[in-house]
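Residue-level listing of the chains:
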Amino acid sequence: MIKRVHTRAFSNIALIKYWGKVPGGDNIPATPSISIALRELSTETEVERFDVGEDRVFINGVKATDKDTERITSYLDMWRELELIEGNYSISSRANFPIAAGLASSASGFAALAKALAEFSRIKLGKRKLSQLARRGSGSAARSVTGGLSAFPVGKDPAARLLIDARRLSYGMVAITVDSARKKISSREGMEHTRQTSPFYNKWIKLGAQDYKEMLRAINLRNLTRIGELMESNTLAMHSCIMSARPPIVYWSPATIYIIQKVRSWRDEGLDVYFTIDAGANVFVLCMKDDMDLVASKAEKLQGVVKVIKSEPGGGAEVISRQ
Ligand code: PMV
């Protein structure tokens, strides 16, 4: 019997965003999404089984807060209720990037956890099932199970699927993290508040579906300009919807706008670069792998920038070791 498992999953950044859940569903996105996994942003998780005692959760080496422990133990309860696993577990999760700073930590975190729990499962779980189970922890985690360039459609019990393997992608992303004094509103809370109060929410849902189809076409044509332009428009539409909630949510900081303008000016100078922003103030730049060094060196010089991370695409969730 397996006692201890060590897994890793990469974070992912959406080119077409998931924002909004189907009410009453099992964490079912209301918009389809497409993302790229990032090799430099990962979470490693060690899971050990106990037969007596309670679940224990550690994040980055320290005992997790009550809120985080509760979120993880209720996730384990779901696996237990589905009779996939038994017993109690010690979960130790380490991210190599700031947690809950709009750097998609829940995506890699829940994908790594689901991958580890699958090793303890009574029945063998395929990729599709695993992606569905990761989604129950965090929507975007469904896409970190598959990695590379993944598409995540809507539906009754949706799962992500791999469109293009990480090794075959010619572009990467540069994460530009900025100073942000704002306390982050979790995407879960932000989505629900937007659904309930934004006058543009229904329009956003329709637009998301259209952008998804259009992005699939642009990806098929390997057209980075079309991919990038559509990604920017979709990002700004999502944030406009979020900002139109009442009371409004603004995830950006002054540096966010400043970087958006810089990315546009680099593009005017001839660099093929496009921005996207998740539920935070940080900006991610999509560009050809060959341009990542230049983009990073330009980004490092900008005021308000805390850290710049260049990343090639990463693969799907994987087991590092099992005992
Ligand atoms: O899966 P969550 O709860 O981390 O929500 C993801 C929300 C965005 O990052 C803003 C968009 C996305 O598709 O990743």
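Everything numeric in this text was worked out from a predicted model, so none of it was measured.

A. Here's a closer look at the environment of Leu-76. Examined against the element boundaries, Leu-76 turns out to sit in helix H1 (residues 66-81). In this structure the C-alpha to C-alpha distance between Leu-76 and Asp-268, which are 192 residues apart in sequence, comes to 49 Å. When neighbours within four sequence positions are excluded, Leu-76 is seen to be in contact with Asp-55, Ile-85, Tyr-89, Ile-91 and Leu-117.

B. Spatial organisation of the site of the ligand. In the vicinity of the ligand lie 14 residues, with Tyr-18, Ser-138, Ser-140, Arg-143 and Ser-187 positioned nearest. Ser-138 is positioned such that a nitrogen or oxygen atom in its side chain is 3.0 Å from an oxygen atom of the ligand. At 2.9 Å from an oxygen atom of the ligand is found a side-chain nitrogen or oxygen belonging to Ser-187. By residue class, the composition of the shell around the ligand is six nonpolar, five polar and three charged. If you count residues domain by domain, the shell around the ligand takes at least three from each of domain 1 (4-167) and domain 2 (171-311).

C. Broad picture of the side chain of Ser-35. Among the secondary structure elements, Ser-35 is positioned in strand E2 (residues 33-50). Side chain to side chain, Ser-35 and Arg-143 meet in a polar contact 3.0 Å long. Beyond its immediate sequence surroundings of up to four residues, Ser-35 is in contact with Asn-12, Ile-13, Ala-14, Leu-15, Arg-143, Gly-148, Leu-149 and Ser-150.

About the cut-offs
- Residues numbered from 1 in each chain as written.
- Predicted model: local features only at pLDDT ≥ 70, side-chain atom pairs only at ≥ 80, totals over all residues.
- Heavy atoms only, no water.
- Helix = DSSP H or I, 4+ residues; strand = E, 2+ residues; numbered from the N terminus.
- Contact = heavy atoms within 4.5 Å.
- Near = heavy atom within 4 Å.
- Polar contact = N/O pair within 3.5 Å; in protein donor to acceptor, adjacent residues only side chain to side chain.
- Nonpolar A, V, L, I, M, F, W, Y, C, P; charged D, E, K, R; others polar.
- Domains from an automatic or database assignment.

Function-wise, these values are silent; they only describe arrangement.
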